[in-house]
Amino acid sequence: MSFTLLLLMTTALMFWTGWLWSRRKFYSLYTKLPGPLGLPLIGICGKMMNTERFLKTLEEISVVYKSPCTTWLGTDCIVYISDPETVEKIFQSSVCTNKGHPYDFLTTVIGEGLFTSKSPRWNAHRRMLNPAFGRKIIETFIPIFNKESNVLIRKLSEIDNKTKDLYVILKKCVLEAACQTTLGQKMDFQDDGSKEIINAYTCVLETVIGRILSPWIHPDALYSVTSSCKLQQKAKNILNDFIGNNLKRALLPQEAEKLVPSNLHLNTNVDECDDIRKSKSKIFIECARAHFENGNLSFGNVVEEAHAVIAASFDTISTTVYFVCLSLALYPEHQDKLFNELNELYPKNDEEFFIGDITPEQLEQLTYTEMVINETMRLYAPVPVVLRSASADFELSDGILAPKGTQFVIDIFNMQRSENVWGPKAKSFDPELHFAPTNDHHPFAFVPFTKGLRMCIGYRYAMLHMKIIVAKIFRNFRVLTDVKPSDVEVKGNLSLKLVNYPYIKFQKRV
């Protein structure tokens, strides 16, 4: 054996030994909280590459191993969590506010907005944008939510028989409202022009989760030569043009004059768009404008925050409302209870459809409607899994330390369906059983918007918007489907999706 080869092998062995030694705390953690070991270098990724298997694999871990337990995703040490006690510790800890490393792949597309940014940047931006999501400001959005929900009712009434396109129809409705309440810009997306934007957001979600579950393309150099990267870059350019150009019109009018006309359908009624912004003095765009003008936020910062707000709100809300429609079609007895509540508050009149304005006072009275939405989010968590990263050593339980850099996988989907947490009927759809005021489930057993120090900034916005859409749909229509509960197959993504979207029929209430 030549001296050169021997030297190379010795050097490689030294680096390998040094790398293993630097990770000794992770290996020690595994011996104390053992879980599935997986394969060298890829861990359990082999079982999770298929998004249809992702949540099933996590469910298997939750059944076989006690939470919390340790496993490996690529070379990352992962602590899997599906019990509310540990979830509470993570969400309430100041050293676990940062999102997990895999979110870095989303950051490369939509930037470091509130959804992906790390402390201390996240703390500073959250304080700046909090006023735009206060209760009083959100209640000023009710006229927009009412108006766009009425457009949705008209669209649903035009469906001749049954449709597989409900999810897309809902996305158009929610995206339109999100753009108006965030950018102060009316788009008329429900009538035209949103397909390219929706497809771009869908592409981003699918390519990011695909990369997260494939550790061999984690390095940028390897990912850059894949077809997935090319698709992602195209989607990124579409979204950056869409958000950036609209923000330039609002914040940099001198730059807006240089913009090349877009093929995206935008409402060019300047007076109408100005009215939206002026009537909502603290909406996101005006809040961001103040910080942009005093130098606290750069234009790039505002673009990234707008990306986060629009993407998170439109995807989460449309996903939840879709599953509300599907769940109530599957369980008509609960749909009837919901209709009775709505019919009492909004009795039948001479109009063909109920398109009246729902007021803040009336929203407070929609108690069963809220239970239905919560039960839907319990069974079909819109964000099924969240990841957090330990910025310092963190004590889990019984003195066991998770070392700095540990990645926590919080399995919201399976925790919210666990019989250990929710009882023997955990997987049944029963709003009153699980969300009646007398129910005493653990406060962190239901976390669709997470909780604690990094709770979703838009949870009030989402709940108010969803209640209005759900109330309008089910006051006007009976929703039907031919599938059975056992036919519903979900798949893991950054947000919950179905393997196959069934036909859904809207029957006008007489």
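- As recorded by an unreviewed UniProt entry, the protein chain carries the name Cytochrome P450 and is attributed to Stomoxys calcitrans.
- Taken from UniProt, the Function (unreviewed entry) comment for the protein chain reads in full: "May be involved in the metabolism of insect hormones and in the breakdown of synthetic insecticides."

## A closer look at the packing of helix α9 (residues 142-157) against helix α24 (residues 459-476)
Step number 1: Orientation of α9 relative to α24, taken along the N-to-C sense of each, is 35°, at an axis distance of 10 Å. In terms of crossing hand, the pair formed by α9 and α24 is right-handed. Counting all contacts with α9, which are made through Ile142, Phe145, Asn146, Ser149, Asn150, Leu152, Ile153 and Leu156, the residues of α24 involved are Tyr461, Leu464, His465, Ile468, Ile469, Lys472, Ile473 and Asn476.
Step number 2: For the contact of α9 with α24, a count of residues per class yields 10 nonpolar, 5 polar and 1 charged.

## Concerning the side chain of threonine 369
Step number 1: The topology assignment puts threonine 369 in helix α20 (residues 367-379).
Step number 2: For threonine 369, a relative accessible area of 0% puts it in the buried group.
Step number 3: Apart from the residues within four sequence positions on either side, threonine 369 is in contact with Leu338, Glu341, Leu342, Lys467 and Val470.

## Overview of the packing of helix α10 (residues 166-183) against helix α17 (residues 299-330)
Step number 1: Their axes nearest at 8 Å, the elements α10 and α17 cross at an angle of 145°. Where α10 crosses over α17, the two elements pack in a sense that is right-handed. Residue-level inspection shows Leu166, Tyr167, Leu170, Lys171, Val174, Leu175, Ala178, Cys179, Thr182 and Leu183 of α10 in contact with α17, the latter providing Ala306, Val309, Ile310, Ser313, Phe314, Asp315, Ile317, Ser318, Thr319, Val321, Tyr322 and Cys325.
Step number 2: Each residue belonging to the contact of α10 with α17 can be placed in one class, and the counts come to 16 nonpolar, 4 polar and 2 charged.

## A few points about the sheet that holds strand β2 (residues 76-81)
Strand pairing in a sheet takes place through backbone hydrogen bonds and is either antiparallel or parallel in direction.
Step number 1: Strands sit in the order β1-β2-β8-β5-β3 across an open sheet of 5 strands; the sheet is mixed. Edge strands, defined here as strands with exactly one partner in the open sheet, are β1 (69-73) and β3 (98-99).
Step number 2: Judged from the 4 bridges that link them, β2 and strand β8 (residues 407-411) form a sheet pairing that is parallel. Bridge pairing in β8 links isoleucine 78 to glutamine 407.
Step number 3: Each of β2, β5 (385-389) and β8 touches helix α5 (residues 84-92); the most contacted strand, β8, lies at about 130° to it.

## Let's talk about the packing of aromatic side chains
Step number 1: On inspection of all chains with the given rule, the structure shows 18 aromatic pairs.
Step number 2: An angle of 35° between the planes, with centres 6.4 Å apart, marks the rings of tyrosine 30 and tryptophan 72 as tilted. Of the two residues, tyrosine 30 is situated in helix α2 (residues 24-32) and tryptophan 72 in strand β1; the sequence distance between them amounts to 42 residues. Of the two residues, tyrosine 30 and tryptophan 72, both sit in the buried class.
Step number 3: Residues phenylalanine 141 and tyrosine 461 carry aromatic rings whose centres are separated by 5.9 Å and whose planes lie at 70° to one another, so their mutual orientation is edge-to-face. Of this pair, phenylalanine 141 sits in the loop between α8 (135-139) and α9 while tyrosine 461 is found in helix α24, placing the two residues 320 residues apart along the sequence.
Step number 4: For phenylalanine 141, a relative accessible area of 2% gives the class buried.
Step number 5: Every member of this aromatic cluster is reached through a ring pair, and the members are Tyr167, Tyr322, Phe323, Tyr380 and Tyr501.

Analysis parameters
- Residues numbered from 1 in each chain as written.
- Predicted model: local features only at pLDDT ≥ 70, side-chain atom pairs only at ≥ 80, totals over all residues.
- Heavy atoms only, no water.
- UniProt positions renumbered as here; feature names shortened; annotations may be inferred.
- Axes fitted to C-alpha atoms, helices over the stretch in contact; angles between N-to-C directions.
- Helix = DSSP H or I, 4+ residues; strand = E, 2+ residues; numbered from the N terminus.
- Left-handed = near helix turned anticlockwise from the far one by under 90°.
- Contact = heavy atoms within 4.5 Å.
- Nonpolar A, V, L, I, M, F, W, Y, C, P; charged D, E, K, R; others polar.
- Buried < 20%, exposed > 50% of the residue type's maximum accessible area, 1.4 Å probe, protein only.
- Pairing = 2+ DSSP bridges.
- Phe/Tyr/Trp six-rings, centres within 6.5 Å; stacked < 30°, edge-to-face > 60°.

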